[in-house]
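# Topology and contacts: notes
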There are 2 protein chains.
Amino acid sequence: MNLTTESSHVVIVGGGFGGLAAAQQLGNQPVDVTLIDKNNYHLFQPLLYQVATGGLSPEDIASPLRAILSSYDNIRILMDEVVDISPDVNVLLTRNRMIDYDYLILAAGSENHYFGNERWSEVAPGLKTVGDALGIRDKIFESFEEAEHSSDPTRQKACMNFVVVGGGPTGVEMSGALAELAYHTLQDDFRRVDPREAGIYLIEGEVRVLPGYPEKLSTDAHRALTKLGVKIFTNTLVNDVSSNLVSLRTREGKEKTIATNNVIWAAGNRSNPLGKNLSVSGSGISLDHTGRVLVNQDLSAGEHSNLFVVGDLAAVKGSSGEYLQGVAPVAMQEGKFAARSILRSIQGQSLLPFRYRDRGSMAVIGRNAAVADFGRFGLSGTVAWALWAVVHIMNLVEFGNRLVVMTQWAWDYLTRKKGARLIGRNREVKASPSFADASQLKHTA
Amino acid sequence: MNLTTESSHVVIVGGGFGGLAAAQQLGNQPVDVTLIDKNNYHLFQPLLYQVATGGLSPEDIASPLRAILSSYDNIRILMDEVVDISPDVNVLLTRNRMIDYDYLILAAGSENHYFGNERWSEVAPGLKTVGDALGIRDKIFESFEEAEHSSDPTRQKACMNFVVVGGGPTGVEMSGALAELAYHTLQDDFRRVDPREAGIYLIEGEVRVLPGYPEKLSTDAHRALTKLGVKIFTNTLVNDVSSNLVSLRTREGKEKTIATNNVIWAAGNRSNPLGKNLSVSGSGISLDHTGRVLVNQDLSAGEHSNLFVVGDLAAVKGSSGEYLQGVAPVAMQEGKFAARSILRSIQGQSLLPFRYRDRGSMAVIGRNAAVADFGRFGLSGTVAWALWAVVHIMNLVEFGNRLVVMTQWAWDYLTRKKGARLIGRNREVKASPSFADASQLKHTA
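Residues numbered from 1 in each chain as written. Chains lettered and ligands numbered in written order. Predicted model: local features only at pLDDT ≥ 70, side-chain atom pairs only at ≥ 80, totals over all residues.

Take the overall build of chain A next. Within chain A one finds 13 helices and 26 strands. A compact globule built from 445 residues should have a C-alpha radius of gyration of about 22 Å, and chain A, at 23 Å, falls within 12% of that. The C-alpha extent of chain A, read off along each of the three principal axes, is 80 × 60 × 45 Å. Residue burial in chain A is summarised as follows: out of 445 residues, 51% are buried. For chain A, long-range pairs separated by at least 24 residues make up 63% of all intrachain contacts whose partners lie at least 6 apart in sequence. (Helix = DSSP H or I, 4+ residues; strand = E, 2+ residues; numbered from the N terminus. Rg over C-alpha atoms; globule rule 2.2 N^0.38 Å. Buried ≥ 20, exposed ≤ 12 C-beta atoms within 10 Å, placed from the backbone. Contact = placed C-beta atoms within 7 Å.)

Here we come to the pairing of strand 15 (residues 245-250) of chain B. All names here are of chain B. Pairing analysis gives 5 bridges linking strand 14 (residues 236-241) to strand 15, with the strands arranged antiparallel. From the neighbouring strand, Val-241 faces strand 15, where its bridge partner is Val-246. The turn linking strand 14 back onto strand 15 is made up of 3 residues. Note: strand 15 against strand 16 (residues 255-259), 5 bridges, orientation antiparallel. For Arg-249, the partnering residue across the bridge sits in strand 16 and is Glu-255. Here strand 15 folds back onto strand 16, and the loop between the two strands holds 4 residues, one of which, Gly-253, carries a positive phi near 100°. (Pairing = 2+ DSSP bridges.)

This paragraph deals with the relation of the copies chain B and chain A. Aligned on chain A, chain B shows an RMSD of 0.0 Å; the corresponding rotation is 180° and the shift along the axis is 0.0 Å. In the structure described here, the two chain copies are related by an operation that fits a two-fold rotation axis. Of every C-alpha in chain B, the one belonging to Val-404 of chain B sits nearest the axis of rotation, 3.0 Å from it. (Least-squares fit on C-alpha atoms with pLDDT ≥ 70 in both.)

Many analyses report the size of an interface as the accessible area lost when the parts associate. Contacts between the two partners involve 66 residues from chain B, matched on the other side by 66 residues from chain A. A per-element tally of the side of chain B that touches chain A places helix 13 (residues 399-415) of chain B first, with 8 residues. Of the residues assigned to the side of chain B that touches chain A, the class counts are 26 nonpolar, 22 polar and 18 charged. Pairing between strand 26 (residues 442-444) of chain A and strand 8 (residues 97-100) of chain B: 3 bridges, direction parallel. (Nonpolar A, V, L, I, M, F, W, Y, C, P; charged D, E, K, R; others polar.)

We now examine the domain arrangement of chain A. Residue and element names in this part refer to chain A. In terms of domain boundaries, chain A breaks down into domain 1 (9-112 + 270-346) and domain 2 (120-267). On a C-alpha basis, the centroid separation for the pair domain 1 and domain 2 is 32 Å. Tallying the contact residues gives 14 residues for domain 1 and 18 residues for domain 2. Looking at the side of domain 1 that touches domain 2, the elements that each hand over two or more residues are helix 2 (48-52) and strand 10 (110-112). (Domains from an automatic or database assignment.)

The residue Asn-28 of chain A is not glycine, and still its phi comes out positive at about 60°. Its place among the elements puts Asn-28 of chain A in the loop between helix 1 (17-26) and strand 2 (32-37). Take Asn-28 of chain A: there are 13 C-beta atoms within 10 Å of it, and that puts it in the partly exposed class. The phi dihedral of Asn-90 of chain B falls on the positive side, at around 55°, and the residue is not glycine. With respect to the helices, strands and loops of the structure, Asn-90 of chain B is situated in the loop between strand 6 (82-86) and strand 7 (91-94). Accessibility expressed as a C-beta count within 10 Å gives 18 for Asn-90 of chain B, which makes it partly exposed.

A separate point is the sheet that holds strand 13 (residues 231-233) of chain B. Residues and elements named next belong to chain B. The strand order across the open sheet formed by 4 strands is 13-12-11-17, and the pairing between neighbours is parallel. Edge positions in the sheet fall to strand 13 and strand 17 (262-265), since each of these pairs with one other strand and no more. Between one strand axis and the next, the sheet turns by 20° as a mean value, whatever way the strands run. Where helix 8 (residues 169-185) meets the sheet, its contacts fall on strand 11 (161-165), strand 12 (199-203) and strand 17, and the angle it forms with strand 12 comes to roughly 175°. (Axes fitted to C-alpha atoms, helices over the stretch in contact; angles between N-to-C directions.)

Residue and element names in this part refer to chain A. Over its 19 residues, helix 11 (residues 328-346) runs 27 Å from end to end, which matches the ideal 27 Å to within 8%, given 1.5 Å per residue. All buried positions along helix 11 are accounted for by Val-330, Ala-331, Met-332, Gln-333, Glu-334, Gly-335, Phe-337, Ala-338, Ala-339, Ser-341 and Ile-342. Looking at the packing, one finds that the buried side of helix 11 touches strand 1 (9-13), helix 1, strand 9 (103-106), strand 21 (304-309) and strand 22 (314-315). Looking one or two places after helix 11, you find Gly-348, whose phi comes out positive at around 80°. (Expected span 1.5 Å × (residues − 1).)

Our next topic: the environment of Gly-167 of chain A. Residues and elements named next belong to chain A. Within the secondary structure layout, Gly-167 lies in the loop between strand 11 (161-165) and helix 8 (169-185). Residue Gly-167 is classed as buried on the basis of its 28 C-beta neighbours within 10 Å. Taking the C-alpha atoms as reference, Gly-167 lies 8.3 Å from Thr-234; in sequence the two are 67 residues apart. Excluding anything up to four places from it in sequence, Gly-167 contacts Val-172, Leu-202, Glu-204, Val-209, Leu-210 and Thr-234.

Residue and element names in this part refer to chain A. In the contact formed by helix 8 and helix 9 (residues 215-228), the axes pass within 9 Å of each other and the chain directions differ by 25°. Taken together, the axes of helix 8 and helix 9 are roughly parallel relative to one another. Regarding helix 8 and helix 9, the two cross each other, and that crossing is left-handed. Packed against helix 8, whose contacting residues are Val-172, Ser-175, Gly-176, Ala-179 and Glu-180, the element helix 9 presents Ala-221, Leu-225 and Leu-228 at the interface. Among the residues forming the contact of helix 8 with helix 9, the class breakdown is 5 nonpolar, 2 polar and 1 charged. (Parallel < 35°, antiparallel > 145°, perpendicular 65-115°, else oblique. Left-handed = near helix turned anticlockwise from the far one by under 90°.)

We now examine the packing of helix 1 of chain A against helix 11 of chain A. A pair of packed helices is captured by two measures, namely the crossing angle of their axes and the spacing between those axes. Residue and element names in this part refer to chain A. One way to put it is that helix 1 packs onto helix 11 with a least axis distance of 7 Å and a crossing angle of 35°. By crossing handedness, the relation of helix 1 to helix 11 is classed as right-handed. In contact with Phe-17, Gly-18, Gly-19, Ala-21, Ala-22, Gln-25 and Leu-26 of helix 1, helix 11 contributes Ala-328, Ala-331, Met-332, Glu-334, Gly-335, Lys-336, Ala-338, Ala-339 and Arg-340. Of the residues in the contact of helix 1 with helix 11, the class split is 9 nonpolar, 4 polar and 3 charged.

Attention now goes to the sheet that holds strand 16 of chain B. All names here are of chain B. On the basis of which strands lie adjacent, the open sheet formed by 3 strands has the order 14-15-16 and antiparallel pairing. Lying at the two open borders of the sheet, with one neighbouring strand each, are strand 14 and strand 16. When the angles between neighbouring strand axes are averaged without regard to direction, this sheet yields 30°.

Residue and element names in this part refer to chain A. Mapping Asp-298 onto the fold places it in the loop between strand 19 (293-294) and strand 20 (300-301). On the basis of neighbour count, Asp-298 is assigned to the partly exposed category, with 17 C-beta atoms found within 10 Å. Taking the C-alpha atoms as reference points, Asp-298 and Phe-233, separated by 65 residues in sequence, lie 41 Å from one another. The contact partners of Asp-298, leaving out residues within four places of it in the chain, are Ser-341, Leu-351, Leu-352, Pro-353 and Phe-354.

This next bit is on the environment of Ala-147 of chain B. Residue and element names in this part refer to chain B. Relative to the elements of secondary structure, Ala-147 occurs in helix 6 (residues 130-149). Given 24 C-beta atoms within 10 Å, Ala-147 falls into the buried group. Considered as a pair, Ala-147 and Met-174 are 27 residues apart in the sequence and their alpha carbons are 21 Å apart.

Further remarks concern the confidence of the model for chain A. Per-chain confidence: chain A averages 91 in pLDDT, with 95% of residues scoring 70 or above. Predicted as a complex, the structure gets a pTM of 0.92 and an ipTM equal to 0.89. (pLDDT = per-residue confidence, 0-100.)

Have a look at this one:
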């Protein structure tokens, strides 16, 4: 409770990997910190696809921000949404209040990008939030339920086709998990349909899956996914998505449609609109084509040396000259760096340029299959998979989550069961029919 | 897939303790079984209060019905809601279809009972479903968030008062868990309010808490709850509930109000309305005052020897002549019995009368504190608590859930942390304010 009026007030927007790393760095330092997030938890997004496919519960990968930061008396947490920023007067606007700051770390993240086809978001949800993951989980398991009881073979087929758009790490992980689910977990659970006949499709516009990885690892991932039963279409773009169909077009112009009730969007991110709010304020802040803020070498924005942008919202060049990807390690290093820069600035020291230390990147495909890229060398198969599991467990913020996820994974590995399959926590109730209007209903003996 | 047309068709309505026990008994027997439930999971309701207070996730205590019953080829599962039954023609109506049956086991359970004050359900939710528990969890943690940022002391107080109505096992468990949460788990998590100053109230109309238990155990429970910090008002009835106030009246006529944002209803159950649908069909089936079906000694209803009612929906007398309580062991024994009766009936054997084997009942109060009533003797304190934990772990249907809940409990016991505190999985987004209308907002430095 030692929030003194003399200390500088640092506001951090976003409790994801970047914002949380910044807050931890500023914990018990001589500054007053306010961390603002829409939610009261930090979400371990890299495992969100396991929530969507019934392997983990949201609670397993979400930690209360207050619990993580409870030992830092100088950090206040505000559950609210920032809707505008005025960097010229150092004030930001949330849904409920106006807040002055001395320093601002903007770590507001990204959202799904439909490249001008925003209406697809209704039928092709992305995988960014707990709500997204639970929505996808509902749809997957409701589709199998509908297939089991449908008397229309076309509809049955559509319910059992799953199309994942985008062959980056999220798309690869999602399609691998769907294959594991349909071809193993659910294989004995239905009487009229056979989940082993489900179609799982992965669509990628580039020439190979995991286009950001070395070619050898893409080939390994392609082979491992195919072995799991995933049908991969590379060089293929999405023409249109509706509630029961996806229409595709290859780069050579060939068209193809897939009847499907389930399209999952993993094709791209665009930045939180707060970046745009910054740029239109006439502050000399400019954005790249996905809406990321083009920051200075010290992660500050435009002329504002007290405003730092980190994580998915920042366009930062790595040592190779290419922009860094929107992944957790980048966000964490940037958040930590921005926090340290603020402490340096308060002590009157000059700001340093940010340098990313690349420790490699990984994507899991399924049981005993993953790829890991360490720059100088790559790994695939069981070793990469074990490494992936260890790295992900160790990076879960709270030790309690680590224990529970480890237990869940060990059990799932032994049994291939996925127990977190409940449908519809907030399902709407339809009006009741009565025997009087029962003539329209199916009659089952 | 060997559903032959010659076999009798047994329909089970409800996948709770009663319906599931019946289904398991009929698994791989020479009958065709259809199990109908609104949800695709079996819910372990006795631990729902731990979901409401952030200790467990819904997935930890919900098991997919298809997974539990996957090895029984003669069981079909239908996720649907039964809305009417015509016992004279052996047909039932769901939201989507009409279904003929040869035998029916009705295990539709109960809902919250507000004794004619149904409008209270809006502000004083009960604890019957996953949706109920998540709604209560949201409200509890949102209240602490609001208290932290409110500048109105009256509102702050209301946000930090929790009133549990009903001193039966559910009310005792819920108030004990709330005390654990506020006075231990959250103690360092806030900066402007101190959760240790929260008020937790338990209201009971009878002369003592746990009125169904022996007096000595009620006294032990009362003492243990008081030690935890729960304020108990016995002999006290609820006059009215609104969104920020509860007004109470003692049996002697004294009135009292508590400013509170959080009222949790644990005061009573009434049966699923399907019982009423049965009774109005003129079939000679009658109900007791809470809507339970007054079944025959063999659990059949009225003149219908092919219709069995089990669990919370059935009014069944125990050996002492009193009606059995709506608890899991009663429902499970009844479900199993009804299933066996159907198999006897098919084989031309006569039906036997149901007899309940009472193995005791238990309620947990908190860390190291519980009471257990075994008829001839009672237990309280650490031994009862350990026994409670073992019995509940062993009764979770799936081994995977047992492992995960055990891990979670062990961790929580060691640390008093409760990690499952995420607010609002499906929260609505409010309209955005802009700087233009910011004059009405609070301004925070």
